[in-house]
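# Remarks on the overall topology
Here's the letter readout for the chains.
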Amino acid sequence: MKGLQMQALLLYKNLPGGDEMNLKSKITKLQQALLCKGKVVKIHTYQKYNKEHGRITTFYNVVTPEWNEEKQKMTDKQIIGTSSPLAVVQALLVELKEVGG
């Protein structure tokens, strides 16, 4: 996983905007790249109060739709659920590699 973390950090540094550009825009660019390759990825966000840290924390739930034969309908398959936007970038990089990006 360390190699993937390094790739995510390099992506963070090398995309236009460098440090000023936030991870949300990088997530959006990776999501658009996946869509161009034919893979739909949905990112749900929600916020919770974290008593331990005394602040609001944003959580990310990254899913992709897939056909469920048993239920005979489309369901969402979770790719990752995390509070780290960098982990979301890493997961999207893995998905992009799987579709040949």
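Each remark here, short or long, concerns the structure printed above.
First, a word on scope: everything that follows refers to the structure included in this document. (Residues numbered from 1 in each chain as written. Predicted model: local features only at pLDDT ≥ 70, side-chain atom pairs only at ≥ 80, totals over all residues. Heavy atoms only, no water.)

## Quick look at the overall build of the protein chain
Secondary structure assignment for the protein chain yields three helices and three strands. Secondary structure of the protein chain in N-to-C order comes out as α-α-β-β-β-α. Buried residues in the protein chain amount to 28% of all 101 residues. Working note: accessible area of the protein chain is about 6,900 Å², and carbon and sulfur atoms make up 52% of it. (Helix = DSSP H or I, 4+ residues; strand = E, 2+ residues; numbered from the N terminus. Buried < 20%, exposed > 50% of the residue type's maximum accessible area, 1.4 Å probe, protein only. Areas by Shrake-Rupley, 256 points an atom, 1.4 Å probe, with all protein chains shown as cover.)

## Brief notes about unusual backbone geometry
The phi dihedral of Gln-72 is positive, around 55 degrees, even though this residue is not glycine. Along the polypeptide, Gln-72 turns up in the loop between strand 2 (55-68) and strand 3 (73-82).

## Structural notes on the pattern of salt bridges
Per the stated rule, a full pass over the model turns up two salt bridges. A salt bridge links Glu-95 to Lys-39, with the nearest nitrogen and oxygen atoms 2.7 Å apart. Taken together, the residues Glu-95 in helix 3 (residues 85-98) and Lys-39 in the loop between helix 2 (23-36) and strand 1 (42-50) connect sequence positions 56 residues apart. Given the relative accessible area of 8%, Glu-95 is considered buried. (Salt bridge = Lys/Arg side-chain N within 4 Å of Asp/Glu carboxyl O.)

## Describing the nonpolar core
Counting 15 residues, the largest nonpolar core has Leu-30, Val-62, Val-88, Val-89 and Leu-92 as the members making the most contacts within it. Mapped onto this core, the elements with two or more residues apiece are helix 2, strand 2 and helix 3. (Core = buried A, V, L, I, M, F, W, Y, C linked by side-chain atoms within 4.5 Å.)

## Some remarks on the sheet that holds strand 2
Spatially, 1-2-3 is the arrangement adopted by the three strands of the open sheet, whose pairing is antiparallel. Either end of the sheet is taken by a strand with one partner, and the two such strands are strand 1 and strand 3. Sheet twist, expressed as the mean angle between neighbouring strand axes with direction ignored, is 35 degrees. Across nine bridges, strand 2 lies against strand 3 in antiparallel orientation. In the sheet register, Thr-64 faces strand 3, and the bridge partner there is Lys-77. (Pairing = 2+ DSSP bridges. Axes fitted to C-alpha atoms, helices over the stretch in contact; angles between N-to-C directions.)

## Details of the packing of aromatic side chains
Taken as a whole, this structure holds one aromatic pair when the rule is applied. Relative to Phe-59, the ring of Tyr-46 lies with its centre 5.4 Å away and its plane at 20 degrees, an arrangement referred to as stacked. Separated by 13 residues along the polypeptide, Tyr-46 in strand 1 and Phe-59 in strand 2 bring together distant segments of the chain. Using a relative accessible area of 22% as the deciding quantity, one classes Phe-59 as partly exposed. (Phe/Tyr/Trp six-rings, centres within 6.5 Å; stacked < 30°, edge-to-face > 60°.)

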